[in-house]
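Observations on the three-dimensional arrangement
Now for the letters of each chain:
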Amino acid sequence: MNTKLETKAQATAGRSIALAALLLMVGNFASRILGLVRDKVINHNFGVGAETSLYSLLSAVPTQLYDFLVGGLVSAALVPVLSDYIDQQDDGDLWQIINTILTMLSLVLGVLGGLVWLFAEPINQVLASKIVASPTMLSLGVSMLHSMVIAVVFMCLSGVLTGLLQAQRRFSLPAFTSTVFNLALIVLIWFWPQDARVLGWAMVAGALAQVGLQLPALRAARLRPMLRLRHPGVRRIGLLYAPVALGISFSFVGTLIDRQLAGSIDDLSASYMRNATTFIQFALGLVSAAISIAILPTLARLNSDGDEAGFRRILGIGLKVVLLLIVPMLVIFGLLGESVLRILFEGGKFSPENTRVTALVLLAYLPSMLAAAIDQPLIFAFYARKNTLLPNLVQAPAIASYFLVAGLSYRHWGMYGLIAGNVAQLTIHALVMAVVAHRRLRVFDGQAMLLAVAKIAMAALVMAATCWGLLHLLPTTPSKLNALLVLIVAGGGSGLIYLGLLWWLKLDALQFFSEALQRKFKRKAA
């Protein structure tokens, strides 16, 4: 009887994770598509040049501030700790923790945001020395940075609200926060194309939209200024977050140097790198982030229950699903990247030469996409076990590998040297995390994972060969119509063969989603 109950519980947990992952993937897909539209509008209005490169370099500031204050806090500490209080139905303590976190965040953000505002000019000169050499460009950079400081305030508030809802396993509104962010950017940039300052103010509009989207879910919230620093939950969050802050500090130094080097090469490198990484982030957000976020609350609960077998099973399924979905994207971007770019970006001030160079940059970034996709679920697994120190200690050798590779190669290879450094950093981090996960979590024990990897690799090779063959049978004229034909026939046809082969090979990760959907629709029909 107990075995039947356990099997039923596992099926229920698996179904809820699959449905949450699908919801997050839908939200991320909408967000990433709008992200591509956003970059299309930016490229169409401003092209690849000094203004867009300056925007690319300065956007690291709000991103790093957000990651330092909230991004790492939510997944590493907030969701695992709040999940415990929500499971215990302890609303009083829950709101004391939330109010204390929001109050502390407001104080720290006021100080850090104020410093960035005051030192906007020196920050511009450090990150974009060549671009802001003229007073006009320096004035533009200062204006952009000031508006980005305002944006990060609302981004941080939205992030905490997202963490609260995810801990409650309420994914519908958080799944679409990035969607409304990008939509707001598109609207503002489209209707105000005359001045590049709009790029900064569009971030403010997007961040406000994120907060507004989640407010309806907080009608019963008991929000008020509060500092309960001695509360056990707050102290646990602080202890879990401290190593994350250390790891983000390593990352911040690496990002700062990366942007400074990119800004010192020429006026174009930062724009090319931003356009290429848009596609990398599209894939990672659609697949790896969605799966990782979906499994985090369940992993945290299984860890609290001491269910090691269940923990390994859910993490193993998550990794297989990530590989199942990320590998065909690698094939598409690798073989058809130029066609994708021609369809989505080319036009206006974005020239065919810009398409060609961006496709080469995207190709250089692809190894980092696979590494980062595998890395994120492993990091979240350690966060679910309330072990935030180890994943962030791994940042040290990863950042060191970046310095070594980029430092030796960027003077000779320019932006490709910086890309090589980024690939080395993400690859080292993923490899070390995989070794540690194998030793600590035993997720790679047995033949199941190796068999799944072998099936996916076999199907990917068949997909790549099919795509390559179809590519050479189709017209090669560099037009958008031909690019669309290539993408539909070569990309779509080889992708269907990939999925069909994996279904024939009975890959459990593919059947995992199929069965969850079937149960969901059968239950609705009943």
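1. So, the overall build of the chain
Looking only at helices and strands, the chain features 18 helices and zero strands. By the burial criterion, 54% of the 526 residues in the chain qualify as buried. In the chain, the share of contacts with a sequence separation of at least 24, taken over all contacts with a separation of at least 6, comes to 85%. Surface exposure of the chain reaches about 22,500 Å², of which carbon and sulfur atoms provide 67%.

2. Examining the environment of Glu-338
Positionally, Glu-338 belongs in helix H11 (residues 308–344). When its relative accessible area of 34% is taken as the criterion, Glu-338 is described as partly exposed. Taking the C-alpha atoms as reference points, Glu-338 and Thr-355, separated by 17 residues in sequence, lie 6.5 Å from one another. Contact partners of Glu-338, with chain neighbours within four places excluded, come to Thr-355, Arg-356 and Ala-359.

3. Here's the deal with the pattern of salt bridges
On inspection of all chains with the given rule, the structure shows seven salt bridges. When the shortest N-O distance is used, the salt bridge between Glu-346 and Arg-342 registers 3.3 Å. The residues Glu-346 and Arg-342 share a single accessibility class, namely buried. By sharing partners, the salt bridges in this structure join Arg-38, Asp-39 and Arg-274 into a single network.

4. Brief notes about the packing of aromatic side chains
Tallying each qualifying case throughout the model produces five aromatic pairs. Here Phe-279 and Phe-333 contribute two aromatic rings whose centre-to-centre distance is 5.8 Å and whose plane-to-plane angle is 80°, an arrangement assigned as edge-to-face. Here Phe-333 lies in helix H11 and Phe-279 lies in helix H10 (residues 269–305), a separation of 54 residues in the sequence. For the pair formed by Phe-279 and Phe-333, the shared burial category is buried. Within the aromatic cluster, the residues linked to one another by ring pairs are Phe-279, Phe-333, Phe-345 and Phe-350.

5. Structural notes on the packing of H11 against helix H12 (residues 352–384)
The interhelical angle for the contact between H11 and H12, taken along N-to-C directions, is 175°, at an axis separation of 9 Å. Relative to H12, the element H11 lies roughly antiparallel. Among the residues making up the contact of H11 with H12, the classes are represented as 22 nonpolar, four polar and three charged.

What counts as what
- Residues numbered from 1 in each chain as written.
- Predicted model: local features only at pLDDT ≥ 70, side-chain atom pairs only at ≥ 80, totals over all residues.
- Heavy atoms only, no water.
- Helix = DSSP H or I, 4+ residues; strand = E, 2+ residues; numbered from the N terminus.
- Buried < 20%, exposed > 50% of the residue type's maximum accessible area, 1.4 Å probe, protein only.
- Contact = heavy atoms within 4.5 Å.
- Areas by Shrake-Rupley, 256 points an atom, 1.4 Å probe, with all protein chains shown as cover.
- Salt bridge = Lys/Arg side-chain N within 4 Å of Asp/Glu carboxyl O.
- Phe/Tyr/Trp six-rings, centres within 6.5 Å; stacked < 30°, edge-to-face > 60°.
- Axes fitted to C-alpha atoms, helices over the stretch in contact; angles between N-to-C directions.
- Parallel < 35°, antiparallel > 145°, perpendicular 65-115°, else oblique.
- Nonpolar A, V, L, I, M, F, W, Y, C, P; charged D, E, K, R; others polar.

These figures capture arrangement, not role.
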